[in-house]
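Each chain, letter by letter, is given below.
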Amino acid sequence: MSEQHQNLAIIGHVDHGKSTLVGRLLYETGSVPEHVIEQHREEAEEKGKGGFEFAYVMDNLAEERERGVTIDIAHQEFSTDTYDFTIVDCPGHRDFVKNMITGASQADNAVLVVAADDGVAPQTQEHVFLARTLGIDELIIGVNKMDIVDYEESTFDEVVEEVNQLLNQVQFQTDDASFIPISAFEGDNIAEASDNTPWYDGVTLLEALNNLPEPEPPTDAPLRLPIQDVYTISGIGTVPVGRIETGVMNTGDDVSFQPSDVGGEVKTIEMHHEEVPKAEPGDNVGFNVRGIGKDDIRRGDVCGPADDPPSVAETFQAQVVVMQHPSVITAGYTPVFHAHTAQVACTIESIDKKMDPASGEVAEENPDFIQSGDAAVVTIRPQKPLSIEPSSEIPELGSFAIRDMGQTIAAGKVLSVNEK
Ligand code: GDP
């Protein structure tokens, strides 16, 4: 095991090979249990297909998925020389995009999978856009299925060009992106440089993963712990659970839950079924607070220090980018906002400025409407109390997605919060 931890998102269009790549990464890093490989090796040999263990492991994963037993791709873990990686989301999940947003601050970096034979597809755009808005630091782009295009350099170059255009479009620093021609299925350029791509002299995927910058845990920021669920556990009492986004929680701390506006002293903190005196960013914890009952708090509350409680917005100003909306968005529109673990209907009270996405400058003051592709600064009024923070102060609690009609309409960052 390595010391440093990274949360990694695997993103990309459906069928471009995300699950296969995760399987390959687990396989190459020795993270598939030996007995599972051994079993597949025996089966493969019995069927006269020695050397096909990988395909068998993948078939097995697929089969388990179909039976619903699910060796879930999300939360799979593998280690390289530098990092312990956790895959934070599940490719193929119906709610992938939504999860990506609500759990977005969880991913430090991402691998974008683009099939060489298909190039940039609708979900490639959607995921890159979200990765950009939600502050993914670096993108590793795996141009996958190189085996299907006969490992042609020109095809690789075309896909690189296409993806670079997309990155420029959403103003993703292309310096922070590296492109690797891979075959998740055959294993080219994953753990070892492939003989099939003599024209490529860059890093392998595992090298690129090793070279990712170290995430800096936001321990200096005030405690912010969005509540995922609230349980009642006999012998302990009320146990809210969630993941610490920023700051540190110690037993004995005085905490406040917002917007429920209750608080008390932290009695116990539990992590991985063990009691701990202290928990840090990235830790999934259950904890118990003196005097708090099950009905006092709920999912969507944020726990913070009593003397620096989470902000509750009367209104907030935000920068949004409209991804896809069938018509136009005007003041008065009230879709559902997804921010950390909260889902709250919010009204777009005013559209203050339309921005030129290329230059970032103001293109129009107080426009009547915005539509797909537009970036704008808007003022938003939550219809129920919502805890949210300016992105400049606590980025982990400063982004959101706007959903309507079963899809993500827009995503945004909070510029300022007008507290109650
Ligand atoms: P996902 O929807 O992005 O998770 O895609 P999958 O991993 O399920 O892959 C979709 C299909 O593409 C499957 O039939 C895979 O076997 C196939 N596939 C994935 N990677 C490769 C590859 O590198 N080469 C080839 N030839 N097929 C691949």
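Residues numbered from 1 in each chain as written. Predicted model: local features only at pLDDT ≥ 70, side-chain atom pairs only at ≥ 80, totals over all residues. Heavy atoms only, no water.

You'll find the protein chain entered in an unreviewed UniProt entry as Elongation factor 1-alpha, with Haloterrigena alkaliphila given as the organism. Reading the Subcellular location (unreviewed entry) entry of the UniProt record for the protein chain gives the comment "Cytoplasm". Reading the Sequence similarities (unreviewed entry) entry of the UniProt record for the protein chain gives the comment "Belongs to the TRAFAC class translation factor GTPase superfamily. Classic translation factor GTPase family. EF-Tu/EF-1A subfamily." (UniProt positions renumbered as here; feature names shortened; annotations may be inferred.)

K.L.:
It is not clear to me how the overall build of the protein chain should be interpreted in this structure. Could you clarify?
P.N.:
A count of helical and extended segments in the protein chain gives seven helices and 23 strands. Here the protein chain holds 420 residues, and the buried ones make up 52% of them. In the protein chain, the share of contacts with a sequence separation of at least 24, taken over all contacts with a separation of at least 6, comes to 71%. By element, 42% of the accessible surface of the protein chain is carried by carbon and sulfur atoms, the whole surface being about 19200 Å². (Helix = DSSP H or I, 4+ residues; strand = E, 2+ residues; numbered from the N terminus. Buried < 20%, exposed > 50% of the residue type's maximum accessible area, 1.4 Å probe, protein only. Contact = heavy atoms within 4.5 Å. Areas by Shrake-Rupley, 256 points an atom, 1.4 Å probe, with all protein chains shown as cover.)

K.L.:
Looking at this model, I keep getting lost on the sheet that holds strand 1 (residues 4-12). Mind explaining?
P.N.:
The strands that make up a sheet are held in pairs by hydrogen bonds between backbone atoms, and each pair lies either parallel or antiparallel. A sheet is described by the order of its strands in space; here six strands give the open sequence 2-3-1-4-5-6, paired in mixed fashion. With partners counted over all chains shown, the strands left at the sheet margins are strand 2 (77-79) and strand 6 (177-181), one partner each. This sheet shows a mean twist of 25° between the axes of neighbouring strands, independent of strand direction. Relative to strand 6, strand 5 (residues 139-144) is paired through five bridges, and the arrangement is parallel. Note that in strand 6 the partner of leucine 139 across the bridge is alanine 177. Contacting strand 1, strand 2, strand 3 (83-87) and strand 4 (109-115), helix 1 (residues 18-28) runs over the sheet at an angle of about 150° to strand 1. (Pairing = 2+ DSSP bridges. Axes fitted to C-alpha atoms, helices over the stretch in contact; angles between N-to-C directions.)

K.L.:
Hey, could you run me through the pattern of salt bridges in this one?
P.N.:
Side chains that carry opposite charge are capable of pairing whenever their charged atoms lie near each other. As enumerated under the stated definition, the model contains nine salt bridges in all. Ionic pairing is found between aspartate 308 and arginine 224, a salt bridge with its closest N-O pair at 3.9 Å. With a gap of 84 residues between them, aspartate 308 in the loop between strand 15 (302-305) and strand 16 (312-322) and arginine 224 in the loop between helix 7 (205-210) and strand 7 (225-233) connect regions that are remote in the sequence. Its relative accessible area of 2% is what places arginine 224 among the buried residues. Between arginine 243 and glutamate 245 there is a salt bridge, with the nearest N and O atoms lying 3.3 Å from each other. Where salt bridges share partners, they join Arg224, Asp308 and Glu389 into one cluster. (Salt bridge = Lys/Arg side-chain N within 4 Å of Asp/Glu carboxyl O.)

K.L.:
Looking at this model, I keep getting lost on the site of the ligand. Mind explaining?
P.N.:
Taken together, 15 residues surround the ligand, and among them Asp15, Lys18, Ser19, Thr20 and Asp147 come closest. Here alanine 184 contributes a backbone N or O atom positioned 3.0 Å from an oxygen atom of the ligand. Bound to the protein, the ligand loses 75% of the 580 Å² it would expose on its own. (Near = heavy atom within 4 Å. Polar contact = N/O pair within 3.5 Å; in protein donor to acceptor, adjacent residues only side chain to side chain.)

K.L.:
Would you explain the side chain of serine 387 in this entry?
P.N.:
Note that serine 387 resides in strand 21 (residues 386-387). At a separation of 2.9 Å, a polar atom in the side chain of serine 387 contacts the main-chain carbonyl oxygen of serine 311. Residue contacts for serine 387: discarding those within four places in its chain leaves Gln258, Pro259, Val302, Pro310, Ser311, Val312 and His340.

K.L.:
Any chance you could explain the UniProt feature "binding site: Mg(2+)" (unreviewed entry) in the protein chain here in plain terms?
P.N.:
In this numbering, the UniProt entry assigns the feature "binding site: Mg(2+)" (unreviewed entry) to Ser19. Tracing the sequence through the fold places serine 19 in helix 1.

K.L.:
Please clarify how a negative patch on the surface should be interpreted in this entry.
P.N.:
Together, Asp117, Asp118, Asp150, Glu152, Glu153, Asp157, Glu158, Glu161 and Glu162 give the surface a local cluster of negative charge. On the basis of relative accessible area, glutamate 161 is assigned to the partly exposed category, the value being 46%. (Patch = residues over 30% accessible without salt bridge, like charges linked within 9 Å, V, L, I, M, F, W, Y side chains within 5 Å. Lys, Arg positive; Asp, Glu negative; His and termini not counted. Charge placed at Lys NZ, Arg CZ, Asp CG, Glu CD.)

K.L.:
Hey, could you run me through helix 1 in this one?
P.N.:
Residues lying three or four places apart along an α-helix face the same way, a consequence of the helix completing one turn every 3.6 residues. For helix 1, the tally of buried residues reaches eight of eleven residues, placing the bulk of the element in the interior. Of the residues making up helix 1, those classed as buried are Lys18, Ser19, Leu21, Val22, Gly23, Arg24, Leu25 and Leu26. Once helix 1 ends, the next one or two residues include glycine 30, with phi positive near 70°.

K.L.:
Just checking my understanding: could you explain the pairing of strand 17 (residues 336-339) for this structure?
P.N.:
Here is the key point about a regular strand: its side chains alternate between the two faces of the sheet. As paired strands, strand 17 and strand 18 (residues 342-355) are joined by four bridges and run antiparallel to one another. Bridged to phenylalanine 337 within strand 18 is valine 344. Connecting strand 17 to the antiparallel partner strand 18 that follows it, the hairpin turn spans two residues, and histidine 340 within it adopts a positive phi of roughly 40°. Where strand 17 and strand 22 (residues 399-404) come together, three bridges link them in antiparallel fashion. Residue pairing for strand 22: phenylalanine 337 is matched across the bridge by isoleucine 402.

K.L.:
How should the packing of aromatic side chains be read in this particular structure?
P.N.:
Evaluated as defined, the whole model comprises eight aromatic pairs. Judged by centre distance (5.4 Å) and plane angle (40°), the rings of phenylalanine 156 and tryptophan 199 are tilted. With phenylalanine 156 in helix 6 (residues 153-169) and tryptophan 199 in the loop between strand 6 and helix 7, the pair connects residues that are 43 residues apart, well separated along the chain. Relative to phenylalanine 337, the ring of phenylalanine 316 lies with its centre 6.4 Å away and its plane at 85°, an arrangement referred to as edge-to-face. One end of the pair, phenylalanine 316, is in strand 16; the other, phenylalanine 337, is in strand 17, and 21 residues separate them in sequence. Since its relative accessible area comes to 1%, phenylalanine 316 is described here as buried. (Phe/Tyr/Trp six-rings, centres within 6.5 Å; stacked < 30°, edge-to-face > 60°.)

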